[in-house]
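Each chain, written out:
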Amino acid sequence: PTTPLRVTSQCGNHTLEYPCFMFVDPSSNNIFVANVNRSFVEVLSKDGHYIRSIGTGQGSSPGQLCYPSGVCLHSSNSILVTDTYNHRLCLFTQDGEFVTEYGKLPQDSTPYDVACTRSGRVMFTDNTGKYVRHF
């Protein structure tokens, strides 16, 4: 049986609205969850306590996200996020600072989930259901 993880913060409950993909950082045991409807990636402790959000809110400017569904740990120890409705991948520091858009995506690309190999190769699924793409 599974046990639901209740997300809490010092200000009370912190809402996950349509959490999608996630990963656990093996060095800190922090949990990174793509919180789709809030347009952030939430960073939680292993016990479910809210630590911080990655992204500066919904939009298309650098650091903003729109429907972030996929998230993974990049080989540079940064956080790679699929910014689905902005048709891009975004790279952030673990502290949540925007670094850059990652790679040049084809114009018809709508990235959904992302994975990175230890050697730094990036692969992502396309929301159209037609592609697995890679850099």
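Further up the page is the structure itself.
Everything in this summary refers to the structure shown in the same document. Remember, predicted model here, so these are calculated numbers, not experimental data.

1. Here's the deal with the side chain of Ser78
- Structurally, Ser78 is set in the loop between β7 (68-73) and β8 (79-83).
- A distance of 3.2 Å separates polar atoms of two side chains, one belonging to Ser78 and the other to Ser76.

2. Considerations on the layout of surface pockets
- Here the largest pocket is characterised by a volume of approximately 160 Å³.
- Asn86, His87, Arg88, Leu89, Glu101, Tyr102, Gly103, Lys104, Leu105, Pro106 and Gln107 are the residues that line the largest pocket.
- Among the residues making up the lining of the largest pocket, the classes are represented as four nonpolar, four polar and three charged.

3. Observations regarding the pattern of salt bridges
- All chains considered together, the criterion is met by four salt bridges.
- Salt-bridge contacts for Arg38 lead to Glu42; the nearest nitrogen and oxygen are separated by 2.7 Å.
- Given the relative accessible area of 0%, Glu42 is considered buried.
- Its salt-bridge partner being Arg133, residue Asp126 comes within 3.6 Å of it at the nearest N-O pair. The same class applies to Asp126 as to Arg133, namely buried.

4. What to know about the sheet that holds strand β13 (residues 132-134)
- Overall, antiparallel pairing links the three strands, which are arranged β11-β12-β13 in an open sheet. Each edge of the open sheet carries a strand with a single partner, namely β11 (111-116) and β13. Each strand of the sheet is rotated relative to its neighbour by a mean of 25°, with strand direction disregarded.

The rules behind each value
Within each chain, residue numbers correspond to sequence positions counted from 1 in written order. For this predicted model, a pLDDT threshold of at least 70 governs which residues receive local features, and a threshold of 80 or more governs which side-chain atom pairs are given and counted, while totals over whole chains, interfaces and linings are taken from all residues. Just so you know, side-chain values use all the structure's heavy atoms and leave hydrogens and water out. Numbering goes from the N terminus for both helices and strands, where a helix is a DSSP run of H or I of at least four residues and a strand is a run of E of at least two. Here a polar contact is recorded for every N or O atom pair within 3.5 Å, except that within protein the pair must consist of a potential hydrogen donor and a potential acceptor, and residues adjacent in sequence are included only if both atoms are side-chain atoms. Cavity: a set of points on a 1 Å grid over the protein atoms alone where a 1.4 Å probe fits but cannot get out. Pocket: an open set with protein on both sides within 12 Å along at least five of seven lines, its lining residues, like those of a cavity, having an atom within 4 Å of a point. Grid points are joined across faces, edges and corners, and a volume is the space filled by probe spheres set on the points. Under the scheme applied, nonpolar residues are Ala, Val, Leu, Ile, Met, Phe, Trp, Tyr, Cys and Pro; charged residues are Asp, Glu, Lys and Arg; polar residues are all the others, including Gly. Salt bridges are counted wherever a side-chain nitrogen of Lys or Arg sits within 4 Å of a carboxyl oxygen of Asp or Glu. Throughout this description, buried means an accessible area under 20% of the type-specific maximum (1.4 Å probe, protein chains only), exposed means over 50%, and partly exposed covers the range between. Here, any two strands with at least 2 DSSP bridges between them count as paired. Axis geometry follows a simple rule: fit a line to the C-alpha atoms, using only the stretch in contact for helices, then measure angles between N-to-C directions, giving values from 0 to 180 degrees.

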